[in-house]
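# Descriptive analysis of the structure
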Amino acid sequence: MIRVAGTVLKLEEINKSFGGIHALKNVQFELFEGEVHALLGENGAGKSTLIKILTGVHRMDSGKILIHGKNIVIEDPVDARQKGIGAIYQELSLIDSLTVAENIFLGHEPVGNFFGNLKKKELTRRALEYLNTFGIEIAPETPVSDLGLGQKRIVEIVKALSINANILLLDEPTTGMSKAEIDTLFSIMDDLKRKKVTMIYISHYLDEVFRVCDRATVLRDGENAGVFKIGEVDLKTLIRAMLGRTLKEEFPRRNGFPGRETVLEASEFQSEGMAAPVSFKLHRGEILGITGIIGSGKSELALGLFGVDRKVAGEIKVKEEKTAIASPSDAKKRGISFVPEDRKVQGLFLRLPVEHNITIANLALSMKRGVISYKRRYEIARETAEKLKVTPLDVKMPVQNLSGGNQQKVVIGKWLCGATDIFILDEPTRGIDIGAKTEIYSLINSLADNGAGILIMSSEFREMSGVCDRVLIMRKGSVVSELAGEELTTEKILTVALGG
Ligand SMILES: Nc1ncnc2c1ncn2[C@@H]1O[C@H](COP(=O)(O)OP(=O)(O)OP(=O)(O)O)[C@@H](O)[C@H]1O
Ligand SMILES: [Mg+2]
């Protein structure tokens, strides 16, 4: 193989199957030195699988990996690190009980035994040096369990950098990050680019791709669907390559409109997790958005309303009736469904099949004369999975074998197939591809058109203005503004949420 000038990494004819699923089919990929290269595609397209082959987590079935023109084999993650390949995975890999410093150097302590008392200081000092280089203000002694999701991702990135990687793989790194954290990430990436570190960047947020990437490779159903220069391609062309069709309208129109009846009312309500009391009314047939930047208190409100966190003040009325919601099961009994933000922890039984996960919250639906009807359960799960475009559409498959985005769809499906009429959805489209998002919006619309009241917590302002009838904006735990009608625009939300 002749070395192509400027090519750091080349993949040829990569194939990978998991059982009957052919996840990567003859995939070609080429990375130029110093570029940020986007890897795009729908949920299940094969992006994470490709990354995991490069980091030695998965073995490819056939194909070639060339680094600087030289054919290499990547044995395992340690081997990948030694070859200068660092990665930040879609699922976080930090250990909660260790400190930031310990996590950063875990597995490749700089010298000697760093976990001995004597060396602890040195470890902290080195970590601080790293954190400072990238302008990150997190104390190295902080236990990782005390960090927010966005900060954890930043630590994960510093950890990947601490091996002096010259190829860095970032799989949806901005998930759960605040705008400020994303800016930090992007400036770290700029810095790395100057140091000639080459990066592969996976994201469902195409605005990020346009901001930081030089080129993009698109995968569709495990096959190549085009390589584009970001400076020369438009959004529509990228989306068409990803989906194999053009997206008609991102935010489908609703048929119905909100009614007068209040289905959920909070009056000066505050739970132990919330910084301040909150009041609002949700009407039948209404899609009410609650937005704000990360840390504004949206998720805490959601957890309080669903009875996960204990109430400390105020009251809740469900369908005009004063109700004590002391636990999630109380909330469910009152007809409230909840899609949590942190789906991995709160939402799924990873080893169980899709059908169990979808039906577990509503076992009654799959009962026939007091026993579970397996046929009924299968049908319900299959129908829900179909609506959400879960791929592969095999409800007997353990959830852990699904791609990240498809796992998210299962959590949503679990709650949507219930017979409830109040929904609390926390970041319902996070990690979900642009085509499937539209399906979820349609589903939310039809729930509302059928008389459900829907509360959506989201930090995607465009989504809020595109989907909701009315939006409440939170800042530091309090609702500071309400927008509806003509006033409900992305720009307006942005201004208010950021404190304008
Ligand atoms: N460990 C596994 N066992 C079985 N199938 C798997 C496994 N890992 C991935 N797959 C399958 O391989 C295909 C590609 O998955 P992959 O995780 O690479 O998708 P992705 O492009 O990263 O999607 P997402 O945007 O949802 O993260 C999917 O059909 C998935 O179900
Ligand atoms: Mg993935």
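Located above this text is the structure these notes cover.
Keep in mind the model is a prediction, meaning the values are calculated, not measured.

We now examine the sheet that holds strand 13 (residues 287–291). Strand order in this open sheet of six strands is 16-19-20-13-21-22, and the pairing throughout is mixed. Of all strands in the sheet, those with a lone pairing partner are strand 16 (336–339) and strand 22 (478–484), marking the two edges. Taking each pair of neighbouring strands and ignoring which way they run, the sheet shows an average axis angle of 20 degrees. As paired strands, strand 13 and strand 20 (residues 453–458) are joined by five bridges and run parallel to one another. Paired with Ile 287 across the strands is Ile 454, a residue of strand 20. Strands in contact with helix 17 (residues 490–497) are strand 13, strand 21 (470–475) and strand 22; relative to strand 21, the strand with the most contacts, it is inclined by about 20 degrees.

What follows deals with the sheet that holds strand 8 (residues 198–202). Reading across the sheet, the six strands line up as 6-7-8-3-9-10 and stay open at both edges, with mixed pairing between neighbours. Across the chains shown, the open sheet's two edge strands, defined by having one partner strand only, are strand 6 (85–88) and strand 10 (223–229). Neighbour-to-neighbour, the strand axes of this sheet turn through a mean angle of 20 degrees, independent of strand direction. Note that strand 9 (residues 215–220) and strand 10 share five bridges and pair antiparallel. Counted as the bridge partner of Ala 216 is Phe 228 from strand 10. Against the sheet, helix 1 (residues 47–54) makes contact with strand 3 (36–40), strand 6, strand 7 (167–171), strand 8 and strand 9, and its axis sits at roughly 150 degrees relative to strand 8, the strand it touches most. Sheet strands in contact with helix 5 (residues 149–161) are strand 6 and strand 7, and its direction is about 175 degrees off that of strand 6.

Our focus in this paragraph is the site of ligand 1. Taken together, 22 residues lie around ligand 1, and Gly 44, Lys 47, Thr 49, Ser 403 and Gly 405 are the ones closest in. A distance of 2.8 Å separates an oxygen atom of ligand 1 from a polar atom in the side chain of Ser 48. In the environment of ligand 1, an oxygen atom lies 2.5 Å from a nitrogen or oxygen atom belonging to the side chain of Thr 49. Protein chains bury 89% of the 640 Å² of accessible surface belonging to ligand 1 in isolation. Those elements that place two or more of their residues in the shell around ligand 1 are strand 2 (21–32), helix 1 and helix 14 (404–416). Counted by class, the shell around ligand 1 contains seven nonpolar, 12 polar and three charged residues. Both domains that furnish three or more residues to the shell around ligand 1 are identified here as domain 1 (7–97 + 143–243) and domain 2 (262–497).

About the thresholds
Residues numbered from 1 in each chain as written. Chains lettered and ligands numbered in written order. Predicted model: local features only at pLDDT ≥ 70, side-chain atom pairs only at ≥ 80, totals over all residues. Heavy atoms only, no water. Pairing = 2+ DSSP bridges. Helix = DSSP H or I, 4+ residues; strand = E, 2+ residues; numbered from the N terminus. Axes fitted to C-alpha atoms, helices over the stretch in contact; angles between N-to-C directions. Contact = heavy atoms within 4.5 Å. Near = heavy atom within 4 Å. Polar contact = N/O pair within 3.5 Å; in protein donor to acceptor, adjacent residues only side chain to side chain. Areas by Shrake-Rupley, 256 points an atom, 1.4 Å probe, with all protein chains shown as cover. Nonpolar A, V, L, I, M, F, W, Y, C, P; charged D, E, K, R; others polar. Domains from an automatic or database assignment.

The values are spatial; any link to function lies outside them.
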